[in-house]
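Listed here are the chains, written in short residue letters.
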Amino acid sequence: MSRIGRKEIIIPAGVNASVNEGVVTVKGPLGELTQNVDKLITVNIADGKITLARANEDNKTKAKHGLYRALIANMVKGVSEGFTKTLIIAGVGYKAAVKGDKLVLNLGYSHDVEFVIENGLKVECPNNLEIKVSGANKEQVGQFASNIRDARRVEPYHGYGVHYADEKVIRKVGKTAAKGKK
């Protein structure tokens, strides 16, 4: 089994963490996040470190031990550094722009695709073909970026569509012209 749950989480300067009746709260320069923790997992905060302990050695408890450790570590990183996802738009006439509290995408449909920017997220377009989604909550950033990507999946023959900056787009070979018989 994984030993992730046993690793300590070091609390960086400027970040405060507290536990109250199974709810972990982490406050930092980029915001405040909370997480409910299962009663089988005990969270201890001391000397600038967060440690988690499990009640028994059942497989489900061990899985929850690693899960909650990862979630709390992501909360600490999120309120101190934040998370960012970058998306690239490829296609003739495709573009993106932030207008007020909405992200407006022109992706070749008969209408513009609009996304309301949620609280806690920062969305910016350095140019027409790039979107940066950032925020303290890793799950929220990833889900919003995934929703944008789903608006126009990458087409495998020309590579048109929306994809992550670090994603490798797999291209297919197109049809070749038939050779004439003599």
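This text follows the structure it describes.
Remember, predicted model here, so these are calculated numbers, not experimental data.

Engineer: Give a detailed account of the nonpolar core, specifying residues and quantitative values.
Structural biologist: Formed by 21 residues in total, the largest nonpolar core has its most connected members in Leu 105, Ile 131, Val 133 and Ile 148. Residue assignment for this core shows that the elements contributing at least two residues are strand 7 (83-90), strand 9 (102-106), strand 10 (113-116), strand 11 (121-127), strand 12 (130-135), helix 2 (138-150) and strand 13 (161-164). For this core, the leading source of residues is helix 2, giving four residues. Aside from chain neighbours lying at most four places away, what touches Ile 131 is Lys 85, Thr 86, Leu 87, Ile 89, Ala 96, Leu 103, Leu 105, Val 123, Glu 124, Cys 125 and Ile 148. The next biggest cluster of nonpolar side chains, apart from the first, holds 18 residues, and it includes Ile 9, Ile 11, Leu 52 and Val 79.

Engineer: An account of the pairing of strand 10 is needed here, citing residue identities and associated values.
Structural biologist: Side-chain alternation along strand 10 places Val 113 and Phe 115 on a buried face and Glu 114 and Val 116 on a face that remains uncovered. As defined by bridge partners, strand 9 adjoins strand 10 across four bridges and the pair is classed as antiparallel. Bridge pairing links Leu 103 to Phe 115 in strand 10. Following strand 9, the chain reverses through six residues before pairing antiparallel with strand 10; Gly 108 in that reversal takes a positive phi of roughly 90°.

Engineer: Tell me about the pairing of strand 13, and please be specific about residues and values.
Structural biologist: Residues of strand 13 alternate between two faces, with Gly 161 and His 163 on one and Val 162 and Tyr 164 on the opposite face, all of them buried. Where strand 7 and strand 13 come together, four bridges link them in antiparallel fashion. Note on strand 13: the bridge partner recorded for Ile 88 is His 163.

Engineer: So what's going on with unusual backbone geometry? Residues and values would help.
Structural biologist: Generally, phi is negative for residues other than glycine and the peptide bonds are trans, each holding for most cases. In this structure, Glu 21 is a non-glycine residue whose phi angle is positive, near 55°. Here Glu 21 shows up in the loop between strand 2 (16-20) and strand 3 (23-28). The phi angle at Asp 47 is positive, at roughly 55°, despite the residue not being glycine.

Engineer: How would you explain the packing of aromatic side chains if you had to name every residue and give the values?
Structural biologist: Tallied over the full model, the rule gives two aromatic pairs. Judged by centre distance (6.4 Å) and plane angle (65°), the ring pair of Tyr 94 and Tyr 160 falls under edge-to-face. Within this pair, whereas Tyr 94 is found in the loop between strand 7 and strand 8 (95-99), its partner Tyr 160 is found in the loop between helix 2 and strand 13, the two being separated by 66 residues in sequence. Relative accessible area serves as the criterion here: at 12%, Tyr 94 is assigned to the buried category.

Engineer: Let's hear about the environment of Glu 57: which residues, and what values?
Structural biologist: With respect to the helices and strands, the residue Glu 57 is situated in the loop between strand 6 (49-54) and helix 1 (59-80). In this structure the side chain of Glu 57 is engaged in a polar contact, spanning 3.1 Å, whose partner is the side chain of Arg 54.

Engineer: How would you summarise the side chain of Thr 61 if you had to cite specific residues and measurements?
Structural biologist: Relative to the assigned elements, Thr 61 resides in helix 1. Residue Thr 61 is classed as buried on the basis of its relative accessible area of 2%. Not counting chain neighbours up to four residues away, the residues in contact with Thr 61 comprise Leu 40, Ile 41, Arg 54, Ala 55 and Asn 56.

Engineer: Give a detailed account of the pattern of salt bridges, specifying residues and quantitative values.
Structural biologist: Charged atoms that come close allow side chains of opposite charge to pair. All chains considered together, the criterion is met by eight salt bridges. For Glu 8, the salt bridge identified is with Lys 49, shortest N-O distance 3.4 Å. Note that Glu 8 is positioned in the segment before strand 1 (9-10) and Lys 49 in strand 6, a separation of 41 residues in sequence. Between Glu 57 and Lys 62 there is a salt bridge, with its nearest N and O atoms 3.9 Å apart. Via salt bridges that share partners, Arg 54, Glu 57 and Lys 62 belong to a single interconnected network.

Each value, and the rule that gives it
- Residues numbered from 1 in each chain as written.
- Predicted model: local features only at pLDDT ≥ 70, side-chain atom pairs only at ≥ 80, totals over all residues.
- Heavy atoms only, no water.
- Core = buried A, V, L, I, M, F, W, Y, C linked by side-chain atoms within 4.5 Å.
- Buried < 20%, exposed > 50% of the residue type's maximum accessible area, 1.4 Å probe, protein only.
- Helix = DSSP H or I, 4+ residues; strand = E, 2+ residues; numbered from the N terminus.
- Contact = heavy atoms within 4.5 Å.
- Pairing = 2+ DSSP bridges.
- Phe/Tyr/Trp six-rings, centres within 6.5 Å; stacked < 30°, edge-to-face > 60°.
- Polar contact = N/O pair within 3.5 Å; in protein donor to acceptor, adjacent residues only side chain to side chain.
- Salt bridge = Lys/Arg side-chain N within 4 Å of Asp/Glu carboxyl O.

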